[in-house]
Amino acid sequence: MSFSDPANALGALHAAAAYIRQRSGGFRPDTGIVLGTGLGGLVREVEIAHVLDYADIPHFPLSTVESHAGRLVLGALGGRRVAVLQGRFHYYEGYSMAQVVFPVRVLKLLGVQQLLVSNAAGGLNPDFRLADLMLIDDHLNLLPTNPLVGPNLDELGPRFPDMFAPYDAGLLARAEAAAGALGQAGTTRRGVYAALPGPMLETPAEYRYLRLIGADAVGMSTVPEVIAARHLGLPVLAASVITDLCAPGRLKPVVLADIFAAAAQAEPRLTALLRAVVAGL
Ligand code: HPA
């Protein structure tokens, strides 16, 4: 990040939040949700109050990935007021880290008190099956940088945020309880998510290395948003949908269509789980 990165300016964050407030009649979300690749279906469960295109929100980056819709959905879900980011920004698209986390910071300015995040990931743990859900309980940031590099935005959070518990134990417990109640215990795992820059998938040697250093799943997102959320003091729940198997012996060439098919298979379970967690907050 350069010192003059406009996405790291408080003024840009406040301008985006002010625009959203004005367009939504002062809607004040309490829960932020980021939906990952092929996982936009939760929006169908939301009683929608307002939809804003990212393109209309000042300073919002624009999604370059077709599978990401690029809309902010405000409404009610399970009795909570949610702000759903349907479409996220990835480092591999060429955005700065400040741009990648810009929407999460804006949600905090709008009032959210917790953040739920989903993604599609490759499974490294040999016990994982296709379309399992993995609740993330820790991460490895293997991206070349992170969103807190550069001048600290003191209004948002501290210079040196603690990362002892990046994923909230209370939310994890709620999610596991909800998975049990929904009959999903057999397909719901827990594990460590490694974030790599992409956009290419990893080589067999890289998958072996990632497993060796403690990763259960690998993807190209989520960690920057989680770092920004922890900087903001927001508790985080994050879940990966295992869209392809990368453990030795399971690895085969991956086509994007397979990733979408697995995401589509898991999506109703993810949607039910997130809905139950939100309803219990
Ligand atoms: N790597 C491997 N498989 C994946 C990824 C990734 O980053 N994302 C989804 N499936």
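For the structure given in this document, a descriptive report is provided here. Remember, it's a predicted structure, so these values are computed and weren't measured experimentally.

It is worth spelling out the packing of aromatic side chains at this point. On inspection of all chains with the given rule, the structure shows 4 aromatic pairs. With a centroid separation of 4.9 Å and an interplanar angle of 55 degrees, the aromatic rings of Tyr54 and Phe60 are classed as tilted. Classification of Tyr54 as buried rests on a relative accessible area of 1%. On the accessibility criterion, Phe60 (9% relative accessible area) is buried. With a centroid separation of 5.2 Å and 80 degrees between ring planes, the pair formed by Phe89 and Tyr95 is classed as edge-to-face. Residue Phe89 is classed as buried on the basis of its relative accessible area of 2%. For Tyr95, a relative accessible area of 11% corresponds to the buried category.

This brings us to the packing of helix α3 (residues 169-181) against helix α6 (residues 256-279). In contact at an axis separation of 9 Å, α3 and α6 are set at 125 degrees when each is read in the N-to-C sense. In this view, α3 runs oblique relative to α6, as classed from their interaxial angle. Crossing handedness for the pair α3 and α6: right-handed. Taken together, the residues of α6 that come into contact with α3 (itself represented by Arg174, Ala175, Ala178 and Ala179) are Leu273, Ala276 and Val277. Residues belonging to the contact of α3 with α6 are distributed by class as follows: 6 nonpolar, no polar and 1 charged.

With respect to the element layout, Ser221 can be found in the loop between β8 (217-219) and α5 (223-231). On the basis of relative accessible area, Ser221 is assigned to the buried category, the value being 6%. Separated by 3.3 Å, the side chains of Ser221 and Arg88 make a polar contact. The residues touching Ser221, leaving out its near neighbours within four places in the chain, are Arg88, His90, Asn119, Tyr193 and Ala195.

In the region of the ligand, the neighbouring residues are Ala120, Ala121, Gly122, Leu201, Glu202, Tyr207, Val218, Gly219, Met220, Thr243, Asp244 and Ile259. Contact distances for the ligand include 3.3 Å between a nitrogen atom and a side-chain N or O atom of Thr243. Protein chains bury 95% of the 260 Å² of accessible surface belonging to the ligand in isolation. Elements that contribute at least two residues to the shell around the ligand include exactly β5 (114-123), β8 and β9 (236-245). Broken down by element, the residue count for the shell around the ligand peaks at 3 residues, all from β5. Classifying every residue of the shell around the ligand by side-chain character gives 7 nonpolar, 3 polar and 2 charged.

Next up on the list: the pattern of salt bridges. Following the criterion strictly, the structure yields 8 salt bridges and no others. Arg189 serves as the salt-bridge partner of Asp132, at 2.9 Å between the closest nitrogen and oxygen. Residue Asp132 is found in the loop between β5 and β6 (133-141), and its partner Arg189 is found in strand β7 (residues 188-195); the two are separated by 57 residues along the sequence. In this pair, the class of Asp132 matches that of Arg189, namely buried. Here Arg211 ties to Asp216 by a salt bridge, and the two come within 2.9 Å at their closest N and O atoms. Take Arg211: its relative accessible area is 31%, and that puts it in the partly exposed class. Residue Asp216 is classed as buried on the basis of its relative accessible area, which comes to 10%. Among the ionic contacts, a cluster of salt bridges with common partners joins Asp137, Glu176 and Arg190.

Thresholds, definitions, all that
Residues numbered from 1 in each chain as written. Predicted model: local features only at pLDDT ≥ 70, side-chain atom pairs only at ≥ 80, totals over all residues. Heavy atoms only, no water. Phe/Tyr/Trp six-rings, centres within 6.5 Å; stacked < 30°, edge-to-face > 60°. Buried < 20%, exposed > 50% of the residue type's maximum accessible area, 1.4 Å probe, protein only. Axes fitted to C-alpha atoms, helices over the stretch in contact; angles between N-to-C directions. Helix = DSSP H or I, 4+ residues; strand = E, 2+ residues; numbered from the N terminus. Parallel < 35°, antiparallel > 145°, perpendicular 65-115°, else oblique. Left-handed = near helix turned anticlockwise from the far one by under 90°. Contact = heavy atoms within 4.5 Å. Nonpolar A, V, L, I, M, F, W, Y, C, P; charged D, E, K, R; others polar. Polar contact = N/O pair within 3.5 Å; in protein donor to acceptor, adjacent residues only side chain to side chain. Near = heavy atom within 4 Å. Areas by Shrake-Rupley, 256 points an atom, 1.4 Å probe, with all protein chains shown as cover. Salt bridge = Lys/Arg side-chain N within 4 Å of Asp/Glu carboxyl O.

All we've got here are geometric facts, nothing functional implied.
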